[in-house]
Amino acid sequence: MDNKKCRAFLKWAGGKYALVNEIRSRLPDGQRLIEPFVGAGSVFLNTHYTEYLLNDINPDLINLYKVLQQTPDQYIQDAREFFRASGNQSDTYYQLRDEFNQSDDSYYRSLLFLYLNRHGYNGLCRYNLSGKFNVPFGRYKQPYFPETELRFFAAKAQYATFVCMPFAEVFALASEGDVIYCDPPYAPISRTANFTSYAGSGFPLAEQRSLAQHALQTMQSSSVPVLISNHDTELTREIYAQASLSELKVGRYISQKGHKRKKVDELLALFHQPVDQHRQADNKYRDKHNTDNQVG
């Protein structure tokens, strides 16, 4: 597979564009890729499975993906209108943010979600406890309208099914021939660095452990391999103890100030049972059984 990479049309904290080559080199072969935490979709966009099942707990994100999948030309034409110079002003931004928070129109919300993503501070996606989008104005000179990236996503989305449900329910849909890639909200590097509230609710320690357990159980019961990304900490090494671990260095981009961005350790945990592992185990059992009989 070549190393050419396609960018997502959304800016996304923790996005996997920089790690696409490392991730896809570790993803096993299969017919369908399942992503319980699809985010901006960099892994989806840069892999070549026959089918995709893409989930996220953020209903605004999944709504946007479905709209773009179904009416790409109309969506792109309408979304472009929000990227005029008049839209890149503080007063306009906050007015449109209020409209987004008050609107029940799924199509209008999909247009505003892209606008807010590209005009808001650092591409963050954050909601308050009342479920209102509350990212401040980003003050960019000229926000980029990602038409090329939108069209590429829309074309590839024809091979995808988009759902919005808890990750455990997505795991329950997996069957032989599937491969699962998980990019959950990361475990904190320290007690004071807990950046997990992408969709308005956190992803606490119990959920981190539950995800690892679902990965192990799915691999054991259905022979479906599961690859998970996370920070490299004592905690993650503990909960991924039964996986094959790869260590990576990756630039984290939570801070808008470049000089504060630093390299941190990251893990790729692969829960994978090779297809012939059962056969090898059976052969060892038969060899031992035959030896015992001969000795007897």
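Scoring rules and cut-offs
Residues numbered from 1 in each chain as written. Predicted model: local features only at pLDDT ≥ 70, side-chain atom pairs only at ≥ 80, totals over all residues. Heavy atoms only, no water. UniProt positions renumbered as here; feature names shortened; annotations may be inferred. Helix = DSSP H or I, 4+ residues; strand = E, 2+ residues; numbered from the N terminus. Buried < 20%, exposed > 50% of the residue type's maximum accessible area, 1.4 Å probe, protein only. Areas by Shrake-Rupley, 256 points an atom, 1.4 Å probe, with all protein chains shown as cover. Pairing = 2+ DSSP bridges. Lys, Arg positive; Asp, Glu negative; His and termini not counted. Salt bridge = Lys/Arg side-chain N within 4 Å of Asp/Glu carboxyl O. Polar contact = N/O pair within 3.5 Å; in protein donor to acceptor, adjacent residues only side chain to side chain. Arc of directions from axis to C-beta. Contact = heavy atoms within 4.5 Å. Expected span 1.5 Å × (residues − 1).

As recorded by an unreviewed UniProt entry, the protein carries the name Site-specific DNA-methyltransferase (adenine-specific) and is attributed to Bowmanella denitrificans. Listed in UniProt under the heading Sequence similarities (unreviewed entry), the comment for the protein reads: "Belongs to the N(4)/N(6)-methyltransferase family."

Draft legend 1. Structural detail: the overall build of the protein. The helix and strand tally for the protein stands at eleven helices and seven strands. Across the 296 residues of the protein, 48% fall into the buried class. Counting only carbon and sulfur atoms, one obtains 48% of the accessible surface of the protein, whose full area is about 15,500 Å².

Draft legend 2. The arrangement of the pairing of strand 5 (residues 226-231) in detail. Judged by how many residues are buried, strand 5 sits mostly within the fold: six of six residues are covered. When strand 4 (residues 178-182) meets strand 5, the two strands line up parallel, connected through three bridges. For I180, the partnering residue across the bridge sits in strand 5 and is V226.

Draft legend 3. Inspection of the side chain of E266 at higher detail. When you line up the elements, E266 lands in strand 7 (residues 263-271). Of the side chains with opposite charge, K16 lies nearest to the buried E266, which makes no salt bridge, at 4.2 Å. Here the side chain of E266 touches Y186 through a polar contact of 2.5 Å, side chain to side chain.

Draft legend 4. Representation of helix 7 (residues 147-156) in the model. Along helix 7, the positions that sit buried rather than exposed are E149, L150, F153, A154 and K156. An end-on view of helix 7 places all buried positions within 165 degrees of arc, on one side of the element. Where the residues of helix 7 are buried, they touch helix 2 (42-45), strand 2 (51-55), helix 3 (59-70), helix 4 (72-80), helix 6 (106-119) and strand 3 (160-163).

Draft legend 5. Spatial organisation of unusual backbone geometry. We note that N122 has phi near 60 degrees; this positive angle belongs to a residue other than glycine. Among the structural elements, N122 can be located in the loop between helix 6 and helix 7. The backbone phi angle of S223 is positive, close to 60 degrees, even though this residue is not glycine. Checked against the element boundaries, S223 lands in the loop between helix 9 (205-222) and strand 5. What makes S223 partly exposed here is its relative accessible area of 35%.

Draft legend 6. Representation of helix 5 (residues 90-102) in the model. For helix 5, which comprises 13 residues, the first-to-last C-alpha distance of 18 Å matches the rise-based estimate of 18 Å (1.5 Å per residue) to within 8%. Turning to helix 5, its buried residues number three or more, namely Y93, L96, R97, F100 and N101. Each buried residue of helix 5 lies within a common arc of 140 degrees when the element is viewed along its axis, so the set occupies one face. Along helix 5, exposed side chains directed more than 90 degrees from the buried face belong to D91 and Q102. Tucked inside the fold, the buried residues of helix 5 contact helix 3 and helix 6.

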